[in-house]
Amino acid sequence: MMLCYEGKLSLYCFLGAMLSLVLFYGSETFWFERKQDLWTKVALATGYYVALNLIIRIRFNPRDYQIAVRAAFLGFVLSAGIVVFESAEEKYKAFGIYATLMALFHYSEYLGIAICNPKTLSTDSFILNHSIHYALAAAASWVEFLLEVQFVPEIKTFKVLWILGVLVCLAGESLRKIAMITASKNFSHIVQFERHNEHELVTHGVYSKMRHPSYVGWFYWSVGTQITLANPICFVIYAIASWKFFHDRILMEEITLLNFFGEEYIKYQERVPTGLPYIHGFRMEP
């Protein structure tokens, strides 16, 4: 399958920003004879990222710039996460893992749509501006992490939580991306209220095991980020808030799916669960 122009542009800029890692780790080998201190290498990598953004701003038209600057930002965040994990004190390393997971998730959302359903592709496909609630939840997790680093730093150094959190995130993300690819042109980040001619009910593959695998994957990825950060408060809040969000989202989406597919979807509901605990979706009254 050929990657569309926007997908290629995003990939080039994402990988281009990750070249900041070459500057960070290669400065001593390729450019300088004497050993560089950490902050000098950070300045070199950051300077490269700033220069890349200037090139992007000059090179591309406004539409392409919005794609390129977001992809480059995520590439730089991923690179920064690797540096934090490798170079920071033990108590901060979990945040480096978290930053890497966040960057991979948001960039792969855009790339996934570029591959499976490019007609619906937009800058919103990065889901960086998903909602104010999403932004506040992320900020709350950062605040909790930093506060606990100061007052109970020992809980941030449990490597078993890092490993468990990464495994949960990768499992959730993999499930979501498999769902996107399986649904192909039927997948969209936006609930559809009008049925298009090419819109089909997908019931094969992972959809034969659960009706909403992309939401299941996102739910567990969300909770997994807080396991990685060892954030006990946000772990509980994320679990409850994510469950409520997907409960309401599935309810709304299944009303439209019943309107689109009628009896076919009712039979599908009877055979296959939603995939999320205690969420049953919208049921037609007998």
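In what follows, the structure referred to is the one given above.
Residues numbered from 1 in each chain as written. Predicted model: local features only at pLDDT ≥ 70, side-chain atom pairs only at ≥ 80, totals over all residues. Heavy atoms only, no water.

Draft legend 1. Structural view of unusual backbone geometry. The residue Ile127 is not glycine, and still its phi comes out positive at about 45°. Structurally, Ile127 is set in the loop between helix H5 (93-116) and helix H6 (132-151). In the Ramachandran plot, Tyr278 falls in the positive-phi region, its phi being about 60° despite a non-glycine side chain. Inspection of the secondary structure assignment puts Tyr278 in the segment after helix H10 (263-271). (Helix = DSSP H or I, 4+ residues; strand = E, 2+ residues; numbered from the N terminus.)

Draft legend 2. Expanded view of H5. With 24 residues, H5 should reach 34 Å at 1.5 Å per residue; the first-to-last C-alpha distance of 34 Å fits that figure. The element H5 is largely enclosed, with a buried count of 21 among its 24 residues. (Expected span 1.5 Å × (residues − 1). Buried < 20%, exposed > 50% of the residue type's maximum accessible area, 1.4 Å probe, protein only.)

Draft legend 3. Region of interest: the packing of aromatic side chains. Here the structure, examined in full by the defined rule, presents 15 aromatic pairs. The interplanar angle of 15° and the centroid separation of 4.0 Å between the aromatic rings of Phe105 and Trp221 together place this pair among those described as stacked. Placement of the pair is Phe105 in helix H5 and Trp221 in helix H8 (residues 213-228), with a sequence separation of 116 residues. Look at Trp221 and you get buried, because its relative accessible area is 3%. In this structure an aromatic cluster arises from ring pairing among Phe105, Tyr215, Trp218, Trp221, Phe245 and Phe246. If you follow Arg57 out to its NZ or CZ, it ends over the ring of Tyr65, 4.7 Å from the centre. Positioned above the aromatic ring of Phe85, the side-chain terminus of Lys93 is 5.6 Å from the ring centre. (Phe/Tyr/Trp six-rings, centres within 6.5 Å; stacked < 30°, edge-to-face > 60°. Lys NZ or Arg CZ within 6 Å of the ring centre and 35° of its normal.)

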